[in-house]
Each structure stands twice: as structure tokens, then as C-alpha cells.
Number of protein chains: 2
Amino acid sequence: MADILHRIGVERSSPERVYEALTTLDGLSGWWTEKTSGETGPGGVIEFRFGPGGIDMKVAELEPGRLVRWEVVGGPPEWIGTTVRWDLRQDGDYTIVLFSHEGWREPVEFMHHCSTKWATFLMSLKQLLETGEGAPDPRDVKISDWH
Amino acid sequence: MADILHRIGVERSSPERVYEALTTLDGLSGWWTEKTSGETGPGGVIEFRFGPGGIDMKVAELEPGRLVRWEVVGGPPEWIGTTVRWDLRQDGDYTIVLFSHEGWREPVEFMHHCSTKWATFLMSLKQLLETGEGAPDPRDVKISDWH
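A brief look at the structure comes next. (Residues numbered from 1 in each chain as written. Chains lettered and ligands numbered in written order. Predicted model: local features only at pLDDT ≥ 70, side-chain atom pairs only at ≥ 80, totals over all residues. Heavy atoms only, no water.)

## Let's talk about empty space enclosed by the protein
Okay, step 1: Following the criterion strictly, the structure yields one cavity of 30 Å³ or more and no others.
Okay, step 2: Taken as a whole, the largest cavity spans an internal volume of roughly 50 Å³.
Okay, step 3: If you trace the largest cavity, you find it lined by Asp3, Ile4, Leu5, Met111 and Ser115 of chain A together with Asp3, Ile4, Leu5, Met111 and Ser115 of chain B.
Okay, step 4: Elements with a minimum of two residues in the lining of the largest cavity: strand E1 (2–11) and helix H3 (109–131) of chain A together with strand E1 (2–11) and helix H3 (109–131) of chain B. (1 Å grid on protein atoms, 1.4 Å probe; cavity = no way out; pocket = protein on both sides within 12 Å on 5 of 7 lines; lining within 4 Å. Points joined across faces, edges and corners; volume = space filled by probe spheres on them. Helix = DSSP H or I, 4+ residues; strand = E, 2+ residues; numbered from the N terminus.)

Here's what the structure looks like:
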């Protein structure tokens, strides 16, 4: 098993505001993909759609201002059964976001791609909260031939 | 053991040009840190200096246009004994860079930070090769309170 890990710090924000960007359709569509729909409450399934395909996340755990955990129930075969976890806390002037996308069966080349791509989407989340404008798909930062 | 993985694709470049950016002081100082010195040949030690500290990399393996491997011989305690590996190849219009920073003892919070930070430096490498100008320290993209 292998995990993708990331950490960012968001200035001039709060764990509550970051939590909102992770748990509302309006927030999620502001940094990950404009095509976000579905149910964001506990047990709900959120549908994220991108140019070539999509990902369905089941909301597995929610602790307001502290934790969001999703289970991947639809998407690329390598993603099925993996989980995405967001831990939030305030440290001085920064809201710290610890991110992990856990449980990859193999460290395949696609996992390398997703790791870098997650980093750019985390920077998009930071930018959304700090400036009011993120870079969600299709306006996302392109990193390679795999987009 | 845990690994940081990334993948980028560089347009309008070649494995030879990316290799050069990883194996010359001029190249390395254009995307990672302006304060780069030392010996870049096989068995040499390259010294990378940043605001708060530095990293010393021993050049463990070199295959022109294909592979660069470094062993961390100086730097933060969590980095000592880890290795950094760059695999290069051409795929159509893109030079594909597969990156791994391997052998972390524990997935500590600092590893989360380094993973995101490596992603921004890989994007700096891509930018350097595509536009002639990267974002090395101290002009690097800041991601948090840990810079």
C-alpha cells in the first residue's frame, strides 16, 4: 500500500472556512472542478466531473473545522477503494491542511501523476481562500500530457 | 518506509535538456535554489543552500538523458539516508519526468510538506525548460508557514 501526502498552510483563513470549501458544492467547485454535484452531507456521494472522466466520493467522516474523509466509490480503477483524508487545524496565522490519499495498491506511474496534480489542486484551494479565486478544472494548472 | 512520488511532462524540451538541468550547477540553480555549489559528476557532492538550512546530495548514479540518482548525505535528520531518483524519457511532444524521494522512515508531517514543496519545484523545473525562467529559492512558491 502507498499513500500520497501533502501539506499546505492557508493565510488569513480559518479551519471553519477551509472546512466549508471541502464540504459544500460551491466551495469544491471553486478549487477542484467546476462540475461538482451530489450530496455533501454524511454518507452522501459527491460527483466530480473532469474533461476525460470523473470521480465519485462517498462522504465517510465529517468533523466540522477538523476532519473530512472521503471513500472513492467511482472513478479510475486505481482509485477505487482508496480514501482521501483532510485534517485541519490553526497554527498561528495559518490554517494547516494535512492531506492524504491513502491505500493505493501499487505506486504506479498514474499515482506519480495524481500526487503532483493533487499538489496543484491544494495550491488552488489555498489561492481560493486567500484571494477569492482558485484554479479548478477546466482552468486548472496543466502539468503534463496527462493534464 | 514511505516515498514521495511525482510526475511532470515538459513540452518543447528533450531528455538531454532535462538531464542538463539536473546535472549542472547552472541548471540546478535555475529551478531549485540559487545557492547551489559543489561537484556534479559521479560520486560528487552537490550542496544546496536555502534560507534556513541546506541539503547535501551525493551523486550516486548518472545515465545521460535517462537517469539521475542522489543519496542525501547532509540535511534535515528525516532526509539522511533517503534517495532522490529522476527517470527521464520522451513520450511524443513531452519529456516525462518520473520523480521519487524514497526511503522516508515515517510519514511525518514534514514529509507531507516536502511532498508538496517538491511538486512546486518540479513545476519550477518545467517552467525553466519551457520558458527560460524557473522559480528557485529564494524566489520559490511559498506553500505554508514552513515556506
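## Details of the interface of chain B and chain A
Interface extent is often summarised as the accessible area lost during association of the parts.
Okay, step 1: Facing the 28 residues of chain B at the interface are 28 residues of chain A.
Okay, step 2: Together, the buried faces of chain B and chain A total about 2,300 Å²; carbon and sulfur atoms form 59% of this surface.
Okay, step 3: Per-residue buried area on chain B facing chain A is highest for Leu5, Arg7 and His112 of chain B; these three make up 30% of the total on that side.
Okay, step 4: On inspection of chain B and its partner chain A, the count reaches six salt bridges.
Okay, step 5: Where chain B touches chain A, the interface holds 20 residue pairs in polar contact (both at pLDDT 80 or more).
Okay, step 6: Counting only elements with at least two residues in the side of chain B that touches chain A, the list comes to E1, strand E6 (83–91), strand E7 (94–104) and H3 of chain B.
Okay, step 7: For the side of chain B that touches chain A, the leading source of residues is H3 of chain B, giving nine residues. (Contact = heavy atoms within 4.5 Å. Buried area = accessible area lost by both parts, 1.4 Å probe. Salt bridge = Lys/Arg side-chain N within 4 Å of Asp/Glu carboxyl O. Polar contact = N/O pair within 3.5 Å; in protein donor to acceptor, adjacent residues only side chain to side chain.)

## Comments concerning the packing of aromatic side chains
Okay, step 1: Taken as a whole, this structure holds 30 aromatic pairs over all chains when the rule is applied.
Okay, step 2: The interplanar angle of 10 degrees and the centroid separation of 5.9 Å between the aromatic rings of tryptophan 31 of chain B and tryptophan 32 of chain B together place this pair among those described as stacked.
Okay, step 3: Given the relative accessible area of 0%, tryptophan 31 of chain B is considered buried.
Okay, step 4: Cation over ring: arginine 7 of chain A sits above tryptophan 146 of chain B, and NZ or CZ is 3.5 Å from the ring centre. (Phe/Tyr/Trp six-rings, centres within 6.5 Å; stacked < 30°, edge-to-face > 60°. Buried < 20%, exposed > 50% of the residue type's maximum accessible area, 1.4 Å probe, protein only. Lys NZ or Arg CZ within 6 Å of the ring centre and 35° of its normal.)

## A short note on the pattern of salt bridges
Residues and elements named next belong to chain A.
Okay, step 1: Tallied over the entire structure, the rule returns 26 salt bridges over all chains.
Okay, step 2: Of the charged contacts, one joins lysine 117 and aspartate 140 as a salt bridge, the two residues approaching to 2.9 Å between their closest N and O atoms. Residue lysine 117 is found in helix H3, and its partner aspartate 140 is found in the segment after H3; the two are separated by 23 residues along the sequence.
Okay, step 3: For aspartate 140, a relative accessible area of 9% corresponds to the buried category.

## Considerations on the pairing of strand E2 (residues 35–38) of chain A
Residues and elements named next belong to chain A.
Okay, step 1: Pairing geometry for E2 and strand E3 (residues 45–49), over four bridges, is antiparallel. By the bridge assignment, serine 37 is partnered in E3 with glutamate 47.
Okay, step 2: Connecting the antiparallel pair E2 and E3 is a turn made up of six residues, with glycine 43 showing a positive phi of about 85 degrees. (Pairing = 2+ DSSP bridges.)

## Examining the side chain of lysine 117 of chain A
Okay, step 1: For lysine 117 of chain A, a relative accessible area of 9% corresponds to the buried category.
Okay, step 2: Once you skip the residues sitting within four places of it in the chain, lysine 117 of chain A turns out to touch Asp140, Val141, Lys142, Ile143 and His147 of chain A.

## Focus on the sheet that holds E2 of chain A
All names here are of chain A.
Okay, step 1: Read across the open sheet, the seven strands follow the order E1-E7-E6-E5-E4-E3-E2; overall the sheet is antiparallel. The outermost strands of the open sheet, each flanked by one partner alone, are E1 and E2. This sheet shows a mean twist of 25 degrees between the axes of neighbouring strands, independent of strand direction.
Okay, step 2: Helix-sheet contacts for helix H1 (residues 15–23) involve E1, strand E4 (54–63), strand E5 (67–74), strand E6 (83–91) and strand E7 (94–104), and the interaxial angle to E6 is about 160 degrees.
Okay, step 3: In this fold H3 packs onto E1, E6 and E7, with an angle of close to 15 degrees to the strand it touches most, E1. (Axes fitted to C-alpha atoms, helices over the stretch in contact; angles between N-to-C directions.)

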